[in-house]
Amino acid sequence: ATERPPWNERLYLAQIIRLRLRRAERFRAGKIRGVVHYLRVRIVWVCWGLVCIGFQQQFGAISAQPCSLGEAPLWSEVLPDPHQHQTRLTGTPSVLFGVDTTSREEVRNFFNGVYSESDVTDTQWAGNVATCSAGTTSAEFRNAVALRINWLRALAGVPAWVSLDETYNSKAQQAALMISANNSVSHTPPATWSCYTKDGAEAAGKSNLAIGSCGPESVLMYMQDFGANNYAVGHRRWLLYPQTRFMGTGDIPENTDGPASNALWIMDSYGSQPRPATREQYVAWPPPGYVPYQVVCARWSFSYPKADFTAATVSMASNGVPMGITVEPVRTGYGENTVVWYLTGLDTSQATEWPRPSADVNWTVSIRNVQISGVNRNFDYTVTVFDPGTAGLDTVLPELTGSAYPVVGRPNSYSYTQVRGATGYQWMAARRVPWTILEDAEADRGDIVSKTSPGYETRVQWQGYGGTTAWHLAHTEPVDQWLLYKRTVLPGQKTTLQYKSRLQWATSTQQAHAQVSVDAGKTWVDVDSQAGTDGMGVSWFDTRSVSLARFADRPLLIRFLYHYAGGSYYPQPDAGWYLDNITIVDGEELTSQITGDVASGNSFEFVPPESGDWGLAVRAQVYGGYWLEWGRTKRVSVSSSAPVLRFTAVPNFAGTGVELVFSVANAPSGMSYHLEMTSALGNTWTRVSSAILEEIVPGERYKFTTAIAPSAPRFYRIVGE
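Overview of the structure. (Residues numbered from 1 in each chain as written. Predicted model: local features only at pLDDT ≥ 70, side-chain atom pairs only at ≥ 80, totals over all residues. Heavy atoms only, no water.)

This paragraph deals with the environment of Q273. The residue Q273 is located in the loop between β7 (261–265) and β8 (283–285) in this model. As for Q273 and T244, which are separated by 29 residues in sequence, their C-alpha atoms are 9.1 Å apart. (Helix = DSSP H or I, 4+ residues; strand = E, 2+ residues; numbered from the N terminus.)

Structure, rendered in structure tokens:
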């Protein structure tokens, strides 16, 4: 040929040549099965090469339909209903949340323990848009909506007492159906709309409305309040309106006949009642104090009842550095009067994710010339944006103390440090075994569960690294996809997560993340990440090796998340992220787990059912029902009989010191010994750190020698641990 082959043919030839070399080595070694494997895999590569040649026609990125919000509803009076408190409540909070935002750890636990519980996405919707059947969603899903609303209100410092009203729910469900059926948002829907009902129209006029999302996701969208028509953050102001006690949610998931939708009824008969007490006189978002970055929005707001903000000025600084801001026009009619601003340059037209800070960032806000009852007032406060996945200086984990050598069938007492605000604890005991598993996808062992969209398989043949099969995640729909490893990992200082990764045909907003969870899957922390290249990406697997040293002794779950961050994406089922040969190096697995609850106090008893290596850990509960992360695991070795230590001779004065000889029986491997001393029985024992230990008979007889003999009577004891 007079010209070089096109890029796709060169790639195909290079793959065949590389494959020939790799398989030829096996053939020369005399392994006949290697020849068969060589031919089979070569055919696979030929097929892959043919597909690759057609990629330029078959693979293309598309843009997802963005979620959108209409304008927030203006104030409309709702008459009181004397039966509302008696028969129509759902999603009633079991506890009124309160949080001290000056405490980083309390806010961190509030987010990790409570907010994560509102991440419910399965609506279990029983309806049909085509037949105009509004249906219902599950109680669990509606409760998650109420939980997220009350969590946000508590962080903002307003009463977290909102309950969902069943009548409001029913009418809001009709409104959500109308939105999905007509693929449009309106607070005054015409009677010509498909699936129109009077109840739905009433709810549309008294609700926040969203299209493209539903449930808890919509609640967060209302807080973000993006779009040119939402410069006054009216949706947010209604969510945080202090007087509100009752709301209602209507939710339609994405379906074949229409998009996802939400109608959140936000006006009740308490709207004109006296304002209840709030943490601050004002309501700001984000509020003063520590705030998780996940709930910080592009638009910031400051509300004060009946305040006049027409002459107000706003300034911001980040860690002392002044920042340019844009103040939005002031508009009344939504909840309390409010001034809104954003950092100049931020995109407020869509839901913008606040960047994850590598360290805590202090944002100081100064608002001047706010006229309240004819008097000019000034306000100053600081917002500290932080990552709740990162422990702070005030973090306290339940640290265990107790015997490292418990005995089978005998009660062994363990105590732990207590966590601020804890309402209970749970302990866990599990067998420790070396990690020997390689998840190569050749067989589905049931250890990996997935959350994926329809249209593709999570295990695909002819795509594996060393065999024929690989794990696979794709964005056939523009939503997050993940694979969760159900086995519990116990890492040490040298433990690594290793896997083979091939990310191909992905945009820069299609991102592959390896994550770990220290709280049984409630929250996740990235340990490795890759972004797409807006094209084909890699042609073969990369080896990824990630240290888990910073999670040493913490029980972990592992997840592989294929995240969609917005914008365009490749929807083809063969595009995306391929994984293979997932394993843990120099780590352990926790199996045969036993748990027990501790209602009060700071100790528990563990009665080992069998000998061997075990791990013990404790986690705290907050607000009466929300679990936090596991503390560090105490490694223990359980024996069938208790170790016995005996002095075998009276103390012997040798030179300036004292010699103490003792014997050991039934001691497990790895037991260490130290000498302690006290002036009288009943007094505190003190370790004699200068004492020298000598092994007389390995594993059986030892001698401690002190440097100085006591000048007054002393008692000694040997401690094995």
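This part is about the sheet that holds strand β9 (residues 289–292). Across the sheet, five strands lie side by side as β9-β16-β15-β11-β12; this open sheet has mixed pairing. Every interior strand has two partners, whereas the edge strands, β9 and β12 (321–323), have only one. Neighbour-to-neighbour, the strand axes of the sheet open up by a mean angle of 30°, direction not taken into account. (Pairing = 2+ DSSP bridges. Axes fitted to C-alpha atoms, helices over the stretch in contact; angles between N-to-C directions.)

On to the sheet that holds strand β17 (residues 400–401). Pairing is antiparallel across the open sheet formed by three strands, whose spatial order is β17-β18-β34. Of all the strands in the sheet, just β17 and β34 (603–606) have a single pairing partner and so form its edges. Pairing of β17 with strand β18 (residues 412–416), which is carried by two bridges, proceeds in the antiparallel orientation. Each residue of the ladder has a partner; that of T401, found in β18, is S415.

This part covers the packing of aromatic side chains. Tallied over the entire structure, the rule returns 38 aromatic pairs. With a centroid separation of 4.9 Å and an interplanar angle of 5°, the aromatic rings of W427 and F604 are classed as stacked. With W427 in strand β19 (residues 422–434) and F604 in strand β34, the pair connects residues that are 177 residues apart, well separated along the chain. On the accessibility criterion, F604 (6% relative accessible area) is buried. (Phe/Tyr/Trp six-rings, centres within 6.5 Å; stacked < 30°, edge-to-face > 60°. Buried < 20%, exposed > 50% of the residue type's maximum accessible area, 1.4 Å probe, protein only.)

In this section: the pattern of salt bridges. Evaluated as defined, the whole model comprises 30 salt bridges. A salt bridge links E105 to R108; the nearest nitrogen and oxygen atoms lie 3.0 Å apart. Taken together, the positions of E105 and R108, both in helix α5 (residues 104–113) and three residues apart, correspond to about one turn of that helix. Taking relative accessible area as the criterion, E105 reaches 6% and is therefore assigned buried. Note on R108: relative accessible area 2%, which makes it buried. Put simply, E659 and K703 hold a salt bridge, and the shortest N to O gap is 3.6 Å. With E659 in strand β40 (residues 657–665) and K703 in strand β44 (residues 701–705), this pair connects stretches of sequence that are 44 residues apart. An identical accessibility class is assigned to E659 and K703; each is buried. Counted as one network, the salt bridges with shared partners bring together R432, D553, E588, D613 and R635. (Salt bridge = Lys/Arg side-chain N within 4 Å of Asp/Glu carboxyl O.)

Moving on: the state of the cysteines. Here a disulfide denotes a covalent bond joining the sulfur atom of one cysteine to the sulfur atom of another. The full count for this structure, using the stated rule, is one disulfide. C132 shares a disulfide with C195; S-S distance 2.1 Å. Disulfide C132 to C195: torsion about the S-S bond roughly -80°, handedness left-handed. Here C132 is found in the loop between α5 and α6 (139–156), whereas its partner C195 is found in the loop between α7 (166–182) and α8 (198–205), with 63 residues between them in sequence. Residue classification places C132 among the partly exposed positions, given a relative accessible area of 38%. Here C195 falls in the buried class, since its relative accessible area comes to 12%. (Disulfide = S-S within 2.5 Å.)

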